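Here is how the chains run, residue by residue.
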Amino acid sequence: KRIYTSQRNDYDPTKPIELGHDFNADFTSMLLCQEIRDELRFFDVLWVKESTTTLADSIAETFTTKYKDHKRKVIYMYGDHSGRKRDPGRRKTLFQTIIDKLKESGWQVIDCIQQSYPPYLTRYQVINAVLQEGNARIPKVRIAETECKALHISLQNAGVIGNDFEKDKRSEQNKATPQEYATHLSDIFDYVIFKKYSKHIKNGFERKSKIVIR
């Protein structure tokens with residue numbers, strides 16, 4: 001006659017949520033994270049592959065439904081700057097579509113979207129320096145084992161090509177690869193971490209890095 005409860009301890013409903021986005025014609029995705037004490041915790045992954053409206057509308061609805069009981073409805077928004085572009089025939093950009101949906105559900109949105117990104121080599125250096133956990137000003141990156149399984153696999157699939165360290169994105173064109181396991185989510189991971197912490201990375205990097213899965 002015991003009572004069992006299931007309570008998440010990987011995220012804090014009283015803190016703002018940081019959202020990263022990636023947009024594609026057949027796959028739109030979102031990563032959720034928070035800074036809690038000395039950790040940046042990636043605690044959920046959302047994606048949509050089809051919609052009766054648009055993928056941007058659908059993923060915004062998926063988020064607002066799942067996190068309707070979140071107490072502090074504040075969003076810091078990161079992601080693919082191409083989402084600022086307005087497709088022909090559309091009145092809103094992809095980001096504006098999502099932002100409007102969030103605001104309709106009572107969320108405050110703070111724009112942290114980077115206007116552009118540097119070459120792959122620079123991004124590679126910054127991400128690896130962050131994952132090395134050698135800078136006291138940068139939180140340790142932690143990834144939820146169950147909720148973010150797709151992110152873990154996406155990162156493992158994100159190899160590099162050539163001396164300029166370009167990301168190998170052939171998995172995105174491979175129809176046999178479920179797109180949640182392709183490199184889309186690894187791109188969002190890069191967007192968030194680069195925007196948040198690149199200012200703390202000055203000179204050089206170490207190849208040895210680690211990603212901790214919880």
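Model, not experiment: these values are computed from the prediction.

In this section: the packing of helix α3 (residues 120-131) against helix α5 (residues 184-197). Following both chains from N to C, one finds α3 and α5 inclined at 80 degrees, their axes separated by 10 Å at the closest point. Taken together, the axes of α3 and α5 lie roughly perpendicular to each other. For the pair formed by α3 and α5, the contact residues are Thr122, Arg123, Val126, Ile127, Val130 and Leu131 on the first element and Phe189, Asp190, Ile193, Phe194 and Tyr197 on the second. Of the residues belonging to the contact of α3 with α5, the class tally is 8 nonpolar, 1 polar and 2 charged.

To continue, consider unusual backbone geometry. Look at Arg37: it is not a glycine, yet its phi comes out positive at around 55 degrees. Following the sequence through the fold, Arg37 ends up in the loop between β2 (28-36) and β3 (39-48). Judged by relative accessible area, which is 69%, Arg37 ranks as exposed. The backbone of Glu133 sits at a positive phi, close to 60 degrees, despite the residue not being glycine. Within the fold, Glu133 resides in the loop between α3 and β6 (140-143).

On to the packing of helix α4 (residues 149-156) against α5, then. Viewed as axis vectors pointing N to C, α4 and α5 meet at an angle of 90 degrees, and their least axial separation amounts to 7 Å. By the angle class used here, α4 and α5 are roughly perpendicular. Touching Ala150, Leu151, Ser154 and Leu155 of α4 are His184, Leu185, Ser186 and Phe189, all from α5. Partitioning the contact of α4 with α5 into residue classes produces 5 nonpolar, 3 polar and no charged.

Let's shift gears to the side chain of Thr183. Locating Thr183 in the fold gives a position in the loop between β8 (166-167) and α5. Its relative accessible area of 0% is what places Thr183 among the buried residues. Ignoring sequence-local partners within four residues, the contact set of Thr183 consists of Ser154, Asn157, Ala158, Lys167, Asp168, Lys169, Ser171 and Glu172.

As a further point, take the layout of surface pockets. By volume, the second largest pocket is sized at about 220 Å³. As for the second largest pocket, its lining consists of Asn24, Ala25, Asp26, Phe27, Lys49, Glu172, Gln173, Asn174, Lys175, Thr177, Gln179 and His184. For the lining of the second largest pocket, the per-class residue count stands at 2 nonpolar, 6 polar and 4 charged.

Here β3 lies mainly inside the structure; 9 of its 10 residues are buried. Two elements, β2 and β3, share 9 bridges in a ladder whose sense is antiparallel. Opposite Glu35, over in β3, you have Leu40 as the bridge partner. Remark: 2 residues form the turn of the hairpin made by β2 and β3, two consecutive strands paired antiparallel; Arg37 in that turn has positive phi of roughly 55 degrees. Relative to β6, β3 runs parallel, the two being bridged by 4 bridges. Following the sheet pairing, Phe42 is matched in β6 by Ile143.

Before going further, it helps to spend a moment on the packing of aromatic side chains. Enumeration according to the criterion identifies 11 aromatic pairs in this entry. With centroids separated by 5.7 Å and ring planes inclined at 85 degrees, the aromatic side chains of Tyr11 and Tyr67 adopt a geometry described as edge-to-face. Of the two residues, Tyr11 is situated in the segment before β1 (17-22) and Tyr67 in the loop between α1 (55-66) and β4 (74-79); the sequence distance between them amounts to 56 residues. Given the relative accessible area of 16%, Tyr11 is considered buried. Residue Tyr67 is classed as buried on the basis of its relative accessible area, which comes to 3%. With centroids separated by 5.0 Å and ring planes inclined at 90 degrees, the aromatic side chains of Phe23 and Phe95 adopt a geometry described as edge-to-face. With Phe23 in the loop between β1 and β2 and Phe95 in helix α2 (residues 94-104), the pair connects residues that are 72 residues apart, well separated along the chain. Residue classification places Phe23 among the buried positions, given a relative accessible area of 10%.

What counts, and where the lines are drawn
Residues numbered from 1 in each chain as written. Predicted model: local features only at pLDDT ≥ 70, side-chain atom pairs only at ≥ 80, totals over all residues. Heavy atoms only, no water. Axes fitted to C-alpha atoms, helices over the stretch in contact; angles between N-to-C directions. Helix = DSSP H or I, 4+ residues; strand = E, 2+ residues; numbered from the N terminus. Parallel < 35°, antiparallel > 145°, perpendicular 65-115°, else oblique. Contact = heavy atoms within 4.5 Å. Nonpolar A, V, L, I, M, F, W, Y, C, P; charged D, E, K, R; others polar. Buried < 20%, exposed > 50% of the residue type's maximum accessible area, 1.4 Å probe, protein only. 1 Å grid on protein atoms, 1.4 Å probe; cavity = no way out; pocket = protein on both sides within 12 Å on 5 of 7 lines; lining within 4 Å. Points joined across faces, edges and corners; volume = space filled by probe spheres on them. Pairing = 2+ DSSP bridges. Phe/Tyr/Trp six-rings, centres within 6.5 Å; stacked < 30°, edge-to-face > 60°.

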